[in-house]
Amino acid sequence: MSVKSLNHIGIAVRSIDEQKTFYEGALGLAFEGFEDVPSQKVRVAFYRAGDVRIELLEPTSTDSPISKFLEKRGEGLHHLAFAVEDIQARIDELKSSGFRMIDEVPRSGAHEMHIAFVHPKSSFGVLTELCEPASAGQSHDG
Ligand code: ZN
């Protein structure tokens, strides 16, 4: 399996507003907008850094996976997301190579992407996401 590129870096934050002064103000990254991702109970702010996005993940509920992360580890790096082609085949490859997946079938993420997480116990402590534009999967069928 080989990934196409690093697509984005997810960062867990308590408050997107508080971090704006750093990412937008100090670093001068272009703010691209917000998106609510109900499946993960997060609000996401997108910043563009060249070909890579920075995604600030703010929990919208106390039972959000991001709330749990913040309680356990505090604010900081949450996950790396790699763009892949044929995400289900990549998941199956990882599983057959003995890696543990959080998502054995892709689910909907921000930016109309199909996403799947590799369990961090299988990926040496770094939560790793695979992502593929949702439109890519549909064109295979059509
Ligand atoms: Zn992500």
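Up top is the structure.
Description of the structure in this document. This structure is a prediction, so every number in the text was calculated from the model and none was measured. Throughout, a residue's number is its position along its own chain's written sequence, starting from 1. The predicted nature of this model means local features are confined to residues of pLDDT at least 70 and side-chain atom pairs, given and counted, to a pLDDT of 80 or more, with totals for whole chains, interfaces and linings taken over all residues. Side-chain descriptors were evaluated using all non-hydrogen atoms of the structure, hydrogens and water having been removed beforehand.

## Digging into the side chain of Glu58
Alright, step 1. Starting at the N terminus, helices and strands are each numbered in turn, a helix being any DSSP run of H or I of at least four residues and a strand any DSSP run of E of at least two. Along the polypeptide, Glu58 turns up in strand β4 (residues 52-59).
Alright, step 2. Exposure categories follow from relative accessible area, calculated using a 1.4 Å probe and restricted to protein chains: below 20% of the type maximum is buried, above 50% is exposed, and the middle band is partly exposed. The charge count treats Lys and Arg as positive and Asp and Glu as negative. His and the chain ends do not count. Within this document, salt bridges are pairs made up of a side-chain nitrogen of Lys or Arg and a carboxyl oxygen of Asp or Glu, the two lying within 4 Å of each other. No salt bridge is formed by the buried Glu58; its nearest oppositely charged neighbour, Arg43, is found at 4.6 Å.
Alright, step 3. Any N or O atom pair separated by 3.5 Å or less is treated as a polar contact, with the protein-specific requirement of one donor-capable and one acceptor-capable atom, and with residues adjacent in sequence counted only for side-chain atom pairs. Within the local environment of Glu58, its side chain forms a polar contact with the backbone nitrogen of Ile16, the two atoms lying 2.7 Å apart.

## Concerning the nonpolar core
Alright, step 1. As used here, the term nonpolar core means buried Ala, Val, Leu, Ile, Met, Phe, Trp, Tyr and Cys residues forming a set that is joined through side-chain atoms within 4.5 Å. One finds Ala12, Val37, Val42, Val44, Phe46, Leu57, Ile66, Phe69, Leu70 and Ala110 forming the largest nonpolar core, which totals ten residues.
Alright, step 2. For this core, the secondary structure elements donating two or more residues are β3 (42-49) and α2 (65-73).
Alright, step 3. Excluding its chain neighbours within four sequence positions, the residues that come into contact with Phe46 are Ala30, Phe31, Glu32, Gly33, Phe34, Glu35, Arg53, Ile54, Glu55, Ala110 and His111.
Alright, step 4. In this structure, Ile11, Val13, Leu29 and Ile54 belong to the second largest nonpolar core, which totals nine residues. The contact rule is simple, with two residues in contact once any of their heavy atoms fall within 4.5 Å.

## Re unusual backbone geometry
Alright, step 1. Even without being a glycine, Glu112 presents a positive backbone phi close to 55°.
Alright, step 2. Looking at the element boundaries, Glu112 is found in the loop between β6 (107-109) and β7 (113-118).
Alright, step 3. Accessibility expressed as a relative area gives 65% for Glu112, which makes it exposed.
Alright, step 4. Even without a glycine there, the phi angle at Phe124 is positive, about 60°.
Alright, step 5. Relative to the helices and strands, Phe124 is located in the loop between β7 and β8 (128-133).

## Examining the sheet that holds β4
Alright, step 1. DSSP calls a pair of strands paired once it identifies at least 2 bridges connecting them. Spatial strand order, β2-β3-β4-β1-β5-β8-β7-β6: eight strands in an open sheet with mixed pairing. On the outer flanks of this sheet lie β2 (30-37) and β6, each paired with one strand and no other. Averaged over neighbouring strand pairs, the angle between their axes works out to 30° when direction is ignored.
Alright, step 2. Sheet topology places strand β1 (residues 5-12) next to β4; five bridges connect them, and they run parallel. Pairing of Ile11 across the sheet is with Leu56, part of β4.
Alright, step 3. Those strands touched by helix α3 (residues 87-96) are β7 and β8, and its axis lies near 155° from that of β8. Fitted lines through C-alpha atoms give the axes, limited to the stretch in contact for helices. The angle between two N-to-C directions lies from 0 to 180 degrees.

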